[in-house]
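# Examination of the molecular architecture
Residue-level listing of the chains:
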Amino acid sequence: MAYGPNADVPRGGAERDVPGERREQEATSGEADGPDGSDGYDGWRGLARELVDRIARDGRLTTQAQRLPGAQMRRRVARCRAINAAALHEIVEESGWPTAELVGEEASTAALMILLHADDLALKLSCRDLITDAVERGQCPPIHAAYATDHCAVELGRPQPYGTRYTPLGRPYPVADPEGVDARRVAIGLRTMAAEQQALAEIQLRRLSRASA
């Protein structure tokens, strides 16, 4: 998912597009602004576009870094993700977690991916709780909470409940209650661990085939 001097700015301009400033401009132009508490649609739609645009840039930069590995590309990816994390932090502070109910599942998933790529454990922990609450209210898919929970567990040095996080070598980090993990995964719409590992192996094989072609 990734997403001269301004090449890493997720949206146009030399500075990050600050959600609060953008929404203030919309409000003064007479547009209703959903994220600020009104019942307008344009504000939520704009936020959804922002989230999708940010993670798309993360994806593009990550793909470039895989094709052209090196310190410069790693820095560009890291900078993009730091900017995205700062934007997500501000969005959450202003409006709460961008649930699928509010911004659509694609944009809510984009917010989740920005969170998972963030180098900010405090942000991950607070958003994990918000996502869990949203799932309990039926506002986000259960898979979102599983990914957020697993990422936080691994960063805290604990076994992950759902086995969604893998090492750079393609092996899952330690899993809590391995005998029950497949049941937990299937219950929320994930594949079994064996099926997931097979799928990842096939993806890696296709990548190697393309690289050698």
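Summed over all chains, the structure comprises eight salt bridges. Close ionic contact of Glu-155 with Lys-124 constitutes a salt bridge, the shortest N to O distance being 2.3 Å. In this pair, Glu-155 sits in helix α7 (residues 142-155) while Lys-124 sits in helix α6 (residues 121-136), placing the two residues 31 residues apart along the sequence. In this structure Lys-124 comes out as buried when scored by relative accessible area, which is 2%. In this structure, the salt-bridge partner of Arg-165 is Glu-155, at a minimum N-O distance of 3.6 Å. Of this pair, Arg-165 sits in the loop between α7 and α8 (181-187) while Glu-155 sits in helix α7, and the two are ten residues apart along the sequence. Ionic contacts of the salt-bridge type, sharing partners, join the residues Lys-124, Glu-155 and Arg-165 into one network.

In this model, the protein carries a mean pLDDT of 82, and residues with pLDDT of at least 70 account for 79%. The least confident element of the protein, judged by mean pLDDT, is helix α1 (residues 19-28) at 36; the most confident is α7 at 98. Low pLDDT, under 50, characterises residues 1-33; the predicted model gives this stretch 87 contacts beyond four residues in sequence or across chains.

The next subject is the environment of Met-73. Among the structural elements, Met-73 can be located in helix α3 (residues 71-95). According to the relative accessible area criterion, Met-73 is buried, its value standing at 10%. Between the C-alpha atoms of Met-73 and Thr-62, which are eleven residues apart in sequence, the distance is 8.3 Å. If we ignore the near neighbours within four places in the chain, the residues touching Met-73 are Leu-61, Gln-64, Ala-65 and Leu-68.

Criteria and thresholds
Residues numbered from 1 in each chain as written. Predicted model: local features only at pLDDT ≥ 70, side-chain atom pairs only at ≥ 80, totals over all residues. Heavy atoms only, no water. Salt bridge = Lys/Arg side-chain N within 4 Å of Asp/Glu carboxyl O. Helix = DSSP H or I, 4+ residues; strand = E, 2+ residues; numbered from the N terminus. Buried < 20%, exposed > 50% of the residue type's maximum accessible area, 1.4 Å probe, protein only. pLDDT = per-residue confidence, 0-100. Contact = heavy atoms within 4.5 Å.

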